[in-house]
Amino acid sequence: MQNEGTKILDNLFFDKSLIIKGINPTTDEEALRIISKRLFDKKIVKESYTDSIIKREREFPTALELADINIAIPHTTPDHVYTPAIAIGFLENPVSFAVMGEPDRRIPVEMIFMLSITQPKVHLSVLKKLVEIFQEEGKVKKLRDTEDVTDVYNLFIDYMKD
């Protein structure tokens, strides 16, 4: 893992390499594999993380309909994680994900906020902060519409500090 990232909200690691623009998967599973591979390549998660996050997404879907964009916040248990972190994946074309709390309904997702969490307390505080961001209309759309990775990075850091 690189040390040039930032620790945000309860020591969650985040750096520019965890912002993945231009992902072009055809399925939700493929999208999860692409993003989790980045976390694995950076030694943030264990090899078992990918299969675990896919399994958990099937059992407990994480897609959310927001006012201006649909997102997913996949995560799995701490035993597959080395370092708490967040990765953000931007999909070129929306991919169908099952809706949180409504597993039989699917929606087109454009952004994925993938979490690797090691402690339940951190998990809850991160989810709480993300929900605050998601509820403020326009914030996620602004992230999506920002082209430059450095600008996305700075914007997200600002959102997490608010």
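Cut-off values and rules
- Residues numbered from 1 in each chain as written.
- Predicted model: local features only at pLDDT ≥ 70, side-chain atom pairs only at ≥ 80, totals over all residues.
- Heavy atoms only, no water.
- Helix = DSSP H or I, 4+ residues; strand = E, 2+ residues; numbered from the N terminus.
- Expected span 1.5 Å × (residues − 1).
- Buried < 20%, exposed > 50% of the residue type's maximum accessible area, 1.4 Å probe, protein only.
- Salt bridge = Lys/Arg side-chain N within 4 Å of Asp/Glu carboxyl O.

1. A few points about helix α3 (residues 120–135)
Logical step 1: Here α3 spans 22 Å end to end across 16 residues, near enough to the 22 Å set by a 1.5 Å rise per residue.
Logical step 2: Taken together, the buried positions of α3 are Val 122, His 123, Ser 125, Val 126, Leu 127, Lys 129, Leu 130, Ile 133 and Phe 134.

2. Examining the pattern of salt bridges
Logical step 1: Following the criterion strictly, the structure yields 15 salt bridges and no others.
Logical step 2: Across the pair Asp 15 and Lys 42 runs a salt bridge, and its minimum N-O distance is 3.2 Å. With a gap of 27 residues between them, Asp 15 in the loop between β2 (12–14) and β3 (19–23) and Lys 42 in the loop between α1 (28–41) and α2 (49–59) connect regions that are remote in the sequence.
Logical step 3: The buried category is assigned to Asp 15, whose relative accessible area is 3%.
Logical step 4: The buried category is assigned to Lys 42, whose relative accessible area is 9%.

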